[in-house]
Protein chains: 2
Amino acid sequence: MSDGNTGVPHPDAPHPDAHMVAAAVGGLMPGRVPAAEYEACPVTHAVRMLGDKWTLLVLMLLAERAHRFNELHRRVDGISQRMLTRTLRALEDDRLVARTVFPTVPPGVEYDLTERGRELLVPLSALADWVVKDRAA
Amino acid sequence: MSDGNTGVPHPDAPHPDAHMVAAAVGGLMPGRVPAAEYEACPVTHAVRMLGDKWTLLVLMLLAERAHRFNELHRRVDGISQRMLTRTLRALEDDRLVARTVFPTVPPGVEYDLTERGRELLVPLSALADWVVKDRAA
DNA sequence: CTGCATCCTCTTAGATACTG
DNA sequence: CAGTATCTAAGAGGATGCAG
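Residues numbered from 1 in each chain as written. Chains lettered and ligands numbered in written order. Predicted model: local features only at pLDDT ≥ 70, side-chain atom pairs only at ≥ 80, totals over all residues. Heavy atoms only, no water.

Chain A goes by Winged helix-turn-helix transcriptional regulator in an unreviewed UniProt entry, where it is assigned to Promicromonospora kroppenstedtii.

We now examine the protein's contact with DNA strand D. Taken together, 19 residues are adjacent to DNA strand D, and Arg68(A), Gln81(A), Arg99(A), Tyr111(A) and Arg82(B) come closest. Among the atoms of DNA strand D lying within 4 Å of the protein, the sugar-phosphate backbone contributes 63%. Here Arg89(A) contributes a side-chain N or O atom positioned 3.1 Å from a phosphate oxygen of DNA strand D. Residue Arg99(A) places a side-chain N or O atom 2.5 Å away from a phosphate oxygen belonging to DNA strand D. Those elements that provide at least two residues to the surface near DNA strand D are helix H5 (69-75), helix H6 (81-93) and strand E3 (108-113) of chain A together with helix H6 (81-93) of chain B. Sort the elements by how many residues they give to the surface near DNA strand D and H6(A) lands first, with four residues. Across the surface near DNA strand D, the residue classes tally to eight nonpolar, five polar and six charged. (Near = heavy atom within 4 Å. Polar contact = N/O pair within 3.5 Å; in protein donor to acceptor, adjacent residues only side chain to side chain. Helix = DSSP H or I, 4+ residues; strand = E, 2+ residues; numbered from the N terminus. Nonpolar A, V, L, I, M, F, W, Y, C, P; charged D, E, K, R; others polar.)

Residue and element names in this part refer to chain B. Read across the open sheet, the three strands follow the order E1-E3-E2; overall the sheet is antiparallel. The outermost strands of the open sheet, each flanked by one partner alone, are strand E1 (67-68) and strand E2 (97-102). Bridging between E1 and strand E3 (residues 108-113) involves two bridges; their strand directions are antiparallel. Counted as the bridge partner of His67 is Tyr111 from E3. Seen against the sheet, helix H4 (residues 55-64) touches E1, E2 and E3 and runs at an angle of roughly 95 degrees to E3. (Pairing = 2+ DSSP bridges. Contact = heavy atoms within 4.5 Å. Axes fitted to C-alpha atoms, helices over the stretch in contact; angles between N-to-C directions.)

What follows is the structure in structure tokens.
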């Protein structure tokens, strides 16, 4: 049942899994897809996260190197302190970003990608490759 | 400069590109990232699309097979006609979904993934794999 | 059956001011 | 420096009615 893959199927090698989005594709969900399951699906959560206003950009800047809070605030044009905080907290909650506090005066806080965060860059890269492929149409 | 890759970097092989998100990571954007460029970036657009409320689910159902409008409306629990229409139109605009009208009475409309839409399933699958990896933590 | 137009609500995000 | 609190504005999404 669990060979490591899941979620969305490869075009020519789809297969079942515990997650709802996958189930629909694997043919396990012939009828209606319960809203609760779709909302609870971790893949759904992941794309929602990436899709909100600032997450991708913050992720990209952190992929470059670790940043201080105000450093990010300066580089992300147009973001408010409130939204930067919220975005970073959400990334922390998903263990994509690690927060390190330096007990100096004034206090310094550094944000950096976790190992999991860096691993995300791989599928994200694949997605970006798809995006630019055949831009011509 | 252009080896086919772009956008988001592989952890150990990042490189520059024309797109803003990529540029930031490739080290080409040392300072502030212009909001306009981030908003215009096709990768940004793609993740926003996938991240909205119904797109992923509709995509997954269409990956299974082509659907009629009302067929989708029945299978996607909780979606309104308005949002199903909007979601499908957006997918059409991005050439991920093709719309075919059968001039019968009453009229029938079939939605199916385009080739580009099917190709999207590959990076999406990679993302799903990442999601379920080390759920334990 | 498929879908657009209208209205209305609720969530999200920006502005501003203030604190350890 | 690195946030939190509050208020407001904008937009996404839902309900309903009508039309080709």
